[in-house]
Amino acid sequence: MTAPQAERPEDVWASWSRDHIDVLQRTTEAQRVLLEAAVRFVAALDGQPILLRAAAFFLLHAGMGLTPAQVGAAVGRTDRAMRLVQALSAQDWIESVWAELRRHRQPKLHAEHAGPIAKYLVDHPRSRQADVVDFIEREFQIHVDTLTLRRFFKAYGLGVLRPERTHAEERDGAAPFLSDAPTSQEPFSCSPARSR
């Protein structure tokens, strides 16, 4: 048995328009053209939910007077779901997409950056926050602010690599991360020792 063939773009619109005559009867010519473009676009999306929601948000906020029922028919969703999308601001829509992805924005610095940054701190014990930020930008082409840098240091325990500073030096940005942990004179390694 062979897999079913995907409909050709002209067949998608013809099929949809036959199934949705009632929707098309209540549209202007400009709305019909927009709905046709939307139906063809949705057919090309292969059911990607976030792209479907983006198409729906666009259609509902394009100022063309399309109703939630018309947009729902075009993107294959209920008019109730489209009313919810229509009520969203652009910011709310973006936040809903992030919620659907079940994650927050990805951090700029990752675990693999901890080793090179630790080595930089060991090699440059008197470096200031600005120096570390410059190193990260040069080395990884990632721009971070000092707050992000402090959070990264806290998450990966890099504050222990800094020599003890006075409070005045810390206020002036001398230490990338404020830590009460004592510095160790032991050799530092990011990797466990290998046995042979």
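See above for the structure.
None of these values were measured; they are calculated from a predicted model.

Trainee: How would you explain the overall build of the chain if you had to name every residue and give the values?
Mentor: A count of helices and strands for the chain gives 11 helices and 0 strands. Along the chain, helices (α) and strands (β) appear in the sequence α-α-α-α-α-α-α-α-α-α-α when read from the amino end. Taking contacts inside the chain between residues at least 6 apart in sequence as the whole, the part at least 24 apart equals 56%. Split by element, the accessible area of the chain, about 13300 Å² in all, is 54% carbon and sulfur.

Trainee: Please set out unusual backbone geometry residue by residue, giving values where relevant.
Mentor: Apart from glycine, the bulk of residues carry a negative phi angle, and the bulk of peptide bonds sit in the trans form. With a phi angle near 55°, Gln 141 is a residue other than glycine that sits in the positive phi range. Looking at where Gln 141 falls in the secondary structure, it is placed in the loop between helix H9 (129–140) and helix H10 (146–156). According to the relative accessible area criterion, Gln 141 is exposed, its value standing at 63%.

Trainee: Before we move on, could you go through the packing of aromatic side chains and cite the residues and values that matter?
Mentor: With the rule as written, the count across this model stands at 5 aromatic pairs. Between Phe 57 and Trp 93, the ring centres sit 5.5 Å apart and the planes meet at 35°, which makes this aromatic pair tilted. Taken together, the positions of Phe 57 in helix H4 (residues 49–61) and Trp 93 in helix H7 (residues 90–100) put the pair 36 residues apart, joining distant regions of the chain. The exposure class of Phe 57 is buried, given its relative accessible area of 15%. Ring centres 4.3 Å apart and planes at 15° place the aromatic pair Tyr 120 and Phe 135 in the stacked group. With a gap of 15 residues between them, Tyr 120 in helix H8 (residues 111–123) and Phe 135 in helix H9 connect regions that are remote in the sequence. With a relative accessible area of 9%, Tyr 120 lands in the buried category. Site record: aromatic cluster; members linked through ring pairs are Tyr 120, Phe 135 and Phe 140.

Trainee: Break down the packing of helix H5 (residues 68–75) against helix H6 (residues 79–86) for me, citing the residues and quoting the values.
Mentor: Packing of H5 against H6 brings their axes to within 8 Å, and their N-to-C directions diverge by 110°. Judged by the inter-axis angle, H5 sits roughly perpendicular to H6. Between H5 and H6 the crossing geometry is right-handed. Residue-level inspection shows Pro 68, Ala 69, Val 71, Gly 72 and Val 75 of H5 in contact with H6, the latter providing Asp 79, Met 82, Arg 83 and Gln 86. Partitioning the contact of H5 with H6 into residue classes produces 5 nonpolar, 2 polar and 2 charged.

Trainee: Let's hear about the environment of Leu 101: which residues, and what values?
Mentor: In this structure, Leu 101 sits in the loop between H7 and H8. Assessed through its relative accessible area of 35%, Leu 101 is described here as partly exposed. Residues Leu 101 and Ile 50, spaced 51 residues apart in sequence, show a C-alpha to C-alpha distance of 9.0 Å.

Trainee: Lay out the nonpolar core with the relevant residues and their values.
Mentor: The biggest cluster of nonpolar side chains holds 26 residues, and the ones touching the most others in it are Trp 16, Leu 59, Val 71, Val 75 and Met 82. Mapped by element, the contributors of at least two residues to this core are helix H1 (9–19), helix H2 (21–25), helix H3 (29–45), H4, H5, H6 and H7. With sequence-adjacent residues up to four places away left out, Trp 16 is seen in contact with Val 23, Leu 24, Val 39, Ala 73 and Ala 74. Grouped together as the second largest cluster of nonpolar side chains are 17 residues, Ala 114, Val 133, Phe 135 and Ile 136 included.

Trainee: Provide a residue-level description of H5, including the pertinent values.
Mentor: One full turn of an α-helix is made of 3.6 residues, so residues set three or four places apart face in the same direction. The buried fraction of H5 is high, at 7 of 8 residues. Pro 68, Gln 70, Val 71, Gly 72, Ala 73, Ala 74 and Val 75 are the residues of H5 that are buried. Looking one or two residues past H5, Gly 76 carries a phi angle of roughly 80°, positive in sign.

Trainee: Give me the lowdown on the pattern of salt bridges, citing residues and values where you can.
Mentor: Taken as a whole and assessed by the stated rule, the structure comprises 5 salt bridges. A salt bridge links Glu 29 to Arg 32; the shortest N-O distance between them is 3.4 Å. With Glu 29 and Arg 32 both in helix H3 and 3 residues apart, this pair spans about one turn of that helix. Judged by relative accessible area, Arg 32 falls into the partly exposed class, the value being 26%. Asp 79 serves as the salt-bridge partner of Arg 83, at 3.3 Å between the closest nitrogen and oxygen. Separated by 4 residues within a single helix, Arg 83 and Asp 79 lie in helix H6, roughly one turn from each other. Taken together, the salt bridges that share partners define one network made up of Glu 29, Arg 32, Glu 36 and Arg 40.

Cut-off values and rules
Residues numbered from 1 in each chain as written. Predicted model: local features only at pLDDT ≥ 70, side-chain atom pairs only at ≥ 80, totals over all residues. Heavy atoms only, no water. Helix = DSSP H or I, 4+ residues; strand = E, 2+ residues; numbered from the N terminus. Contact = heavy atoms within 4.5 Å. Areas by Shrake-Rupley, 256 points an atom, 1.4 Å probe, with all protein chains shown as cover. Buried < 20%, exposed > 50% of the residue type's maximum accessible area, 1.4 Å probe, protein only. Phe/Tyr/Trp six-rings, centres within 6.5 Å; stacked < 30°, edge-to-face > 60°. Axes fitted to C-alpha atoms, helices over the stretch in contact; angles between N-to-C directions. Parallel < 35°, antiparallel > 145°, perpendicular 65-115°, else oblique. Left-handed = near helix turned anticlockwise from the far one by under 90°. Nonpolar A, V, L, I, M, F, W, Y, C, P; charged D, E, K, R; others polar. Core = buried A, V, L, I, M, F, W, Y, C linked by side-chain atoms within 4.5 Å. Salt bridge = Lys/Arg side-chain N within 4 Å of Asp/Glu carboxyl O.

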